[in-house]
Amino acid sequence: MTVPVIAIDGPSASGKGTIAALVAQHLDFHYLDSGALYRIVGLIGGERAANLDDDTEMSRITLNLNIKFTGTGVEANGREVSALIRDEKAGAAASRIAVLPGVRAALMTLQHGFRQPPGLVADGRDMGSVVFPDAGLKIYLTATPEERALRRYKQLIEKGGSASMAALLQDIRDRDFRDSNRAAAPLLKCAGAIEIDTTGTPVDAVVAQVLRSYQ
Ligand code: CDP
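Residues numbered from 1 in each chain as written. Predicted model: local features only at pLDDT ≥ 70, side-chain atom pairs only at ≥ 80, totals over all residues. Heavy atoms only, no water.

**Things to note about the overall build of the chain**
Phase 1: Assigned secondary structure in the chain consists of 10 helices and eight strands.
Phase 2: Taken over C-alpha atoms, the radius of gyration comes to 16 Å for the chain, in line with the 17 Å a tight globule of 215 residues would show.
Phase 3: For the chain, buried positions account for 47% of its 215 residues.
Phase 4: Considering only contacts within the chain whose residues lie at least 6 apart along the sequence, 75% involve residues at least 24 apart.
Phase 5: Split by element, the accessible area of the chain, about 10200 Å² in all, is 55% carbon and sulfur.
Phase 6: In the chain, 24 positive and 25 negative side-chain charges are present, and the distance between their average locations comes to 1 Å. (Helix = DSSP H or I, 4+ residues; strand = E, 2+ residues; numbered from the N terminus. Rg over C-alpha atoms; globule rule 2.2 N^0.38 Å. Buried < 20%, exposed > 50% of the residue type's maximum accessible area, 1.4 Å probe, protein only. Contact = heavy atoms within 4.5 Å. Areas by Shrake-Rupley, 256 points an atom, 1.4 Å probe, with all protein chains shown as cover. Lys, Arg positive; Asp, Glu negative; His and termini not counted. Charge placed at Lys NZ, Arg CZ, Asp CG, Glu CD.)

And the structure:
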């Protein structure tokens, strides 16, 4: 029997991570945060002063990386990197290396490995289109760029950081452009996906809608 998958895709800061983790918790499914993988590759590439636009170099780094989700965080080569990968710099580096087909291919086996009984909720950009095309439920989450920038702003302020709304909005627009216009696995609402616009909708209402669609 094939293990069921719920694929949740969408643009930066559309709430995929929050929604996917809660849906997984409700169903007692495993959870794959595929963005964390791209963020780790971006982080390590930056630390090693690698050329983030070079597919050969970045694919080699990716294939030699040992990534492990520990339940409370995520480790790269035995080092806890959860906090490091969350800053905007790692996000921008992630979106840069994410255009490289070799890097995307190198992360494929790792992602497929998360498909374990009783089921998986996976979030990212290409979960429904490329990684789990046979997913039983595909969700495409959106929200206006302004609402997404505001969410990011609140997250950063809550963590005690500082942020500029104008800069965050620009970053979201840049990331949307890069994610949607790349040749390899671009961000798109794939065939059969249910689109949910989360602008102004509370988290629990979105979670309930996803669970209703699954049942
Ligand atoms: O939280 P946010 O949506 O900003 O980012 P994320 O989901 O952690 O992903 C970071 C970056 O990785 C995105 O901007 C994408 O370029 C890339 N990514 C991807 O290409 N494919 C995925 N399945 C997940 C992330």
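**So, the layout of surface pockets**
Phase 1: In this structure, the largest pocket encloses a volume near 1000 Å³.
Phase 2: As for the largest pocket, its lining consists of 42 residues, and the residues nearest its centre are Ala13, Gly17, Arg86, Arg152 and Gln155.
Phase 3: If you list the elements that add at least two residues to the lining of the largest pocket, you get helix H1 (16-27), strand E2 (30-33), helix H2 (34-47), helix H4 (88-97), strand E6 (120-124), helix H8 (145-158), helix H9 (165-181) and helix H10 (203-214).
Phase 4: Examining the composition of the lining of the largest pocket, we find that seven residues originate from one element, H8, more than from any other. (1 Å grid on protein atoms, 1.4 Å probe; cavity = no way out; pocket = protein on both sides within 12 Å on 5 of 7 lines; lining within 4 Å. Points joined across faces, edges and corners; volume = space filled by probe spheres on them.)

**As for the confidence of the model for the chain**
Phase 1: Taken as a whole, the chain shows an average pLDDT of 94; of its residues, 100% reach a score of 70 or greater.
Phase 2: Predicted confidence in the chain is weakest over H4, with a mean pLDDT of 89, and strongest over strand E1 (residues 5-9), with 98. (pLDDT = per-residue confidence, 0-100.)

**Remarks on the packing of H8 against H9**
Between two packed helices, the angle of one axis relative to the other and the distance separating the axes together describe the packing.
Phase 1: Put simply, H8 and H9 touch, their axes get as near as 9 Å, and they point 125° apart. Classed by the angle they form, the pair H8 and H9 counts as oblique. The handedness of the crossing between H8 and H9 comes out as right-handed. Contacts between H8 and H9 involve Pro145, Glu146, Arg148, Ala149, Leu150, Arg152, Tyr153 and Leu156 on the former and, on the latter, Met165, Leu168, Leu169, Ile172, Arg173, Arg175 and Asp176. (Axes fitted to C-alpha atoms, helices over the stretch in contact; angles between N-to-C directions. Parallel < 35°, antiparallel > 145°, perpendicular 65-115°, else oblique. Left-handed = near helix turned anticlockwise from the far one by under 90°.)

**Quick look at the site of the ligand**
Phase 1: Close to the ligand lie 20 residues, the nearest being Ser12, Arg39, Arg104, Asp126 and Asp179.
Phase 2: In the environment of the ligand, an oxygen atom lies 2.7 Å from a nitrogen or oxygen atom belonging to the side chain of Ser12.
Phase 3: Taking Arg182, its side chain carries an N or O atom lying 2.9 Å from an oxygen atom of the ligand.
Phase 4: Protein chains bury 96% of the 520 Å² of accessible surface belonging to the ligand in isolation.
Phase 5: Among the cavities detected, the one that contains the ligand is the largest pocket.
Phase 6: Counting residues per element, the ones that place at least two in the shell around the ligand are H2, H4 and H9. (Near = heavy atom within 4 Å. Polar contact = N/O pair within 3.5 Å; in protein donor to acceptor, adjacent residues only side chain to side chain. Sits in = over half its atoms within 2 Å of the grid points.)

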